[in-house]
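An overview of the molecular structure
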Amino acid sequence: MEFIKVTEQHEPAIALVQLYRPKELNALSPQLMQELRDALQQLDRNDAVRAIIITGNEQAFAAGADIKQMADKSAIDMLLIDQFSTWDQIRKVKKPIIAAVSGFALGGGCELAMMCDMIIASETAKFGQPEIKIGVIPGAGGTQRLTKAVGKAKAMELVLTGRFIGAEEALSYGLVNKVVPVEMYLYEAIQLAKEIVQMSPIAVQLAKEAVNRSFETHLDEGLSFERKNFYLTFASEDQKEGMKAFMERRKADFKGK
Ligand code: HXC
């Protein structure tokens, strides 16, 4: 892989995936996205991994889709390149994904961060959907996910003006989970992942799926989906272990079965 670096044993059960096109501020070319998809799908299949962190570098998480590669394309070129099928495959990853964001998270970079399950931001993080400034609009879910995350008024403002917002502002809108000093953002993401990997991986997968379903369905269907996943946890040994451990006042030892 040229543009993605994976460290599988960064911490037990936690994989770190780094976007690596530093000179281009991690601009998300189709090749980078395909490599990211491949890396995430491999990690999703790897039983030793229970949580994934996606990060960039201090300067940039990602400054958006690669404008230079798109500039001359026609609508039909874009249709045939079909880059969003890669994004759709990333969306289907079952394990929890945390975005550790420092610097620019713009356009597709902001959309990628929002596609993750949680965002830990450094104080230097800048989020935005600046597509409007180059004559296009968000294409990888920005109009939908940003609106669900921050509400219509703010989403409309950010999408129509292309204004960047800092980490604290993003926190105040509920776009990110936590803001920490720049030297801490990766550490903080690892701490969050460490907490999650102690849980039953089956329950984590079913919970992630059910929370995500709330974005896709009306309440009745969402509740019925949640209920089915809730019942399904009772088919796992982890549920028996978790409830037994509670009653025996000890820490549960989850096996992922
Ligand atoms: C290609 C990019 C890039 C991008 C930066 N670079 N962003 N290349 N695509 N999205 C390149 C620059 O051309 C430059 O390379 C190098 O990275 C450093 O960038 P500078 O502009 O010199 O840095 P700076 O002055 O610090 O400004 C940083 C910046 C600015 C504010 C982030 O680069 C910027 O506005 N970038 C574009 C942001 C954007 O519009 N993103 C949305 C893209 S559309 P060279 O070799 O020239 O020095 C999109 C649609 C999503 O994401 C659709 C779904 C996939």
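Rules used in this analysis
- Residues numbered from 1 in each chain as written.
- Predicted model: local features only at pLDDT ≥ 70, side-chain atom pairs only at ≥ 80, totals over all residues.
- Buried ≥ 20, exposed ≤ 12 C-beta atoms within 10 Å, placed from the backbone.
- Helix = DSSP H or I, 4+ residues; strand = E, 2+ residues; numbered from the N terminus.
- Pairing = 2+ DSSP bridges.
- Right-handed = clockwise from strand over helix to strand, strands pointing away.
- Near = placed C-beta within 6 Å.
- Nonpolar A, V, L, I, M, F, W, Y, C, P; charged D, E, K, R; others polar.
- Domains from an automatic or database assignment.
- Contact = placed C-beta atoms within 7 Å.
- Axes fitted to C-alpha atoms, helices over the stretch in contact; angles between N-to-C directions.

1. Points about the pairing of strand 2 (residues 14-19)
- When you tally the buried positions in strand 2, you get five out of six residues, the bulk of the element.
- Relative to strand 3 (residues 51-55), strand 2 is paired through five bridges, and the arrangement is parallel. Following the sheet pairing, glutamine 18 is matched in strand 3 by threonine 55.
- Regarding topology, helix 1 (residues 30-45) serves as the crossover connection from strand 2 to the parallel strand 3, and that connection is right-handed.

2. Here we look at the site of the ligand
- What surrounds the ligand is a group of 19 residues, the closest being Ala63, Gly64, Gly107, Gly108 and Gly139.
- For the shell around the ligand, the secondary-structure elements that each account for two or more residues are helix 2 (67-70) and strand 6 (104-106).
- The residue inventory of the shell around the ligand, partitioned by class, reads 11 nonpolar, four polar and four charged.

3. Overview of the domain arrangement of the chain
- Along its sequence, the chain is organised into domain 1 (4-197) and domain 2 (201-247).
- Using C-alpha coordinates to define each centre, domain 1 is positioned 26 Å away from domain 2.
- Between domain 1 and domain 2, the contact holds six residues from the first and five residues from the second.
- Here the side of domain 1 that touches domain 2 is composed, by residue class, of two nonpolar, no polar and four charged.

4. A word on the sheet that holds strand 6
- The strand order across the open sheet formed by four strands is 4-6-8-9, and the pairing between neighbours is mixed. The sheet is open, and its two edges are formed by strand 4 (60-62) and strand 9 (165-166), each paired on a single side.
- Strand direction decides the pairing type here: strand 4 and strand 6, joined by two bridges, are parallel. Within the sheet, the bridge partner assigned to alanine 60 lies in strand 6 and is phenylalanine 104.
- Running over the sheet, helix 5 (residues 108-115) touches strand 4, strand 6 and strand 8 (126-128) and is turned about 90 degrees from strand 6.

5. Some words on the pairing of strand 5 (residues 97-101)
- Among the five residues in strand 5, five count as buried, and that is most of the element.
- Where burial is concerned, the two faces of strand 5 agree: the one with Ile97, Ala99 and Val101 and the one with Ile98 and Ala100 are both buried.
- In the sheet, strand 3 pairs with strand 5 via four bridges, with the strands oriented parallel. What sits directly across from threonine 55, in strand 5, is alanine 100.
- Note: strand 5 against strand 7 (residues 118-122), four bridges, orientation parallel. Bridged to alanine 100 within strand 7 is isoleucine 120.

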